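These are the residues of each chain, in order.
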Amino acid sequence: MPRVSEEHLERRRQQILDAAQTCFARKGLHTTTMQDVFAESGLSAGAVYRYFKSKDHLIAALTTEATVDLHAAMSEAVYSDPLPTPPELMHTVAEAVVRLSTPGGAVRLIPQAWSLALTDPNIADYVRTNMAGVRKLWFDYTRRMVDIGWLPPDADTDAVAKTLLGLLPGFILQYLIMGDVDPETLTHGVEQLFPTFRHTAVAPG
């Protein structure tokens, strides 16, 4: 028999992920069952389990995909030249959140995964890994801030990075639940807190 191509395998995997995301968006991570995914994908249990051994594996794959998209948007800004100010970087990240938060969007799964991570060690591992990747970008950003003189040489960049990261979950939750914030709101708020960063610093010659 001919071997199944990698392209076919990837299409089938994505078919399952799309079905799972539809189910999770409709019913939530807690109440969606694998049977829901089987029905939505139109595939047998055996076909689905060939790619994903459990609902936890589906959740991990989808939340990782969502984080990857946010990571990519932020990474481009963090390593750009000139370095964006904190308000500019927050605006970039917030715009990515909005773009990925349409009905059924991947970012809508992230807070649900955070909730599951509090009680499910398997999900907690995936969430922790994804969060660590985003936090590293904030670490790199704050070190670049020191390099160009936006922060003093003895600044606690670890504390600054963790604090800046803390703004992102707050924006996500307010955007999804309260519905009265947008990227401009976040940008303006950060400008008010850090007025110095409204102006572009001059990199050392």
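Every chain is numbered independently, its residues counted from 1 as its sequence is written. Totals for whole chains, interfaces and linings use every residue, but because this is a predicted model, local features are given only for residues with pLDDT of at least 70 and side-chain atom pairs only at 80 or more, for both listing and counting. Computation of side-chain values covers all heavy atoms of the structure but excludes hydrogens and water.

The secondary structure listing takes helices from DSSP runs of H or I that are at least 4 residues long and strands from runs of E that are at least 2 residues long, numbered from the N terminus. Along the chain, the position of glutamine 21 falls in helix α1 (residues 6-27). Every residue in contact with glutamine 21, bar those within four places of it in the chain, is listed here: Leu62, Gly104, Gly105, Ala106 and Leu109. Note on contacts: a residue pair qualifies if any of its non-hydrogen atoms lie within 4.5 Å across the two residues.

Bringing a nonpolar patch on the surface into the picture now. There is a patch of nonpolar side chains on the surface, built from Leu173, Ile177 and Met178 and spanning about 320 Å² of accessible area. Tracing the sequence through the fold places leucine 173 in helix α8 (residues 157-178). We call a residue buried when its accessible area falls under 20% of the maximum for its residue type, exposed when it is over 50%, and partly exposed in between, using a 1.4 Å probe and counting protein chains only. The exposure class of leucine 173 is partly exposed, given its relative accessible area of 34%. Like charges within 9 Å and nonpolar side chains (Val, Leu, Ile, Met, Phe, Trp, Tyr) within 5 Å are joined into patches, using only residues over 30% in relative accessible area that form no salt bridge. Calculation of accessible area relied on Shrake-Rupley with a 1.4 Å probe; when residues are assessed, cover is drawn exclusively from the protein chains displayed. When a carboxyl oxygen of Asp or Glu is within 4 Å of a side-chain nitrogen of Lys or Arg, the pair counts as a salt bridge.

This paragraph deals with the packing of helix α5 (residues 86-99) against helix α7 (residues 121-147). As a rule, the C-alpha atoms of each element are fitted with a line to give its axis, helices using only the stretch in contact, and angles between N-to-C directions run from 0 to 180 degrees. Close contact between α5 and α7 brings their axes to 12 Å; oriented N to C, the two are set at 155°. Our classification of the angle between α5 and α7 gives roughly antiparallel. The handedness of the crossing between α5 and α7 comes out as right-handed. Contacts between α5 and α7 involve Pro86, Leu89 and Met90 on the former and, on the latter, Trp138, Tyr141 and Met145. Under this grouping Gly is polar, as are all residues other than the nonpolar Ala, Val, Leu, Ile, Met, Phe, Trp, Tyr, Cys and Pro and the charged Asp, Glu, Lys and Arg. Grouping the amino acids of the contact of α5 with α7 by side-chain chemistry returns six nonpolar, no polar and no charged. Roughly parallel here means an angle under 35 degrees, roughly antiparallel means over 145, roughly perpendicular means 65 to 115, and every remaining angle is called oblique. Left-handed describes a crossing whose near helix is turned anticlockwise from the far helix through less than a right angle; right-handed describes the clockwise counterpart.

To continue, consider the nonpolar core. Among the nonpolar cores identified, the biggest contains 35 residues, and Met74, Leu89, Trp138 and Tyr141 are the most heavily contacted of them. Contributing elements (two or more residues each) for this core: α4 (55-78), α5, α7, α8 and α9 (183-193). Apart from residues no more than four positions distant in its own chain, tyrosine 141 is found in contact with Val78, Leu83, Pro84, Thr85, Pro86, Leu89, Trp150 and Leu164. In this structure, Met34, Val48, Leu58 and Ala113 belong to the second largest nonpolar core, which totals 23 residues. Residues belong to a common nonpolar core when they are buried Ala, Val, Leu, Ile, Met, Phe, Trp, Tyr or Cys residues joined through side-chain atoms within 4.5 Å.

This part covers helix α2 (residues 34-41). Within the sequence span of α2, burial applies to Met34, Val37, Phe38 and Ser41. Take α2 and look down its axis: the buried residues cluster within an arc of 100°, on one side only. Close packing links the buried residues of α2 with α1, α3 (45-51) and α4. One or two residues past the end of α2 sits glycine 42, with phi positive at roughly 75°. Arc, as used here, means the arc of the directions from the helix axis to the C-beta atoms.

Time to look at the environment of proline 84. In this structure, proline 84 sits in the loop between α4 and α5. Taking relative accessible area as the criterion, proline 84 reaches 11% and is therefore assigned buried. Considered as a pair, proline 84 and glycine 105 are 21 residues apart in the sequence and their alpha carbons are 27 Å apart. In this view, proline 84 contacts Ala77, Leu89, Tyr141 and Trp150; residues no more than four positions away in its chain are not counted.

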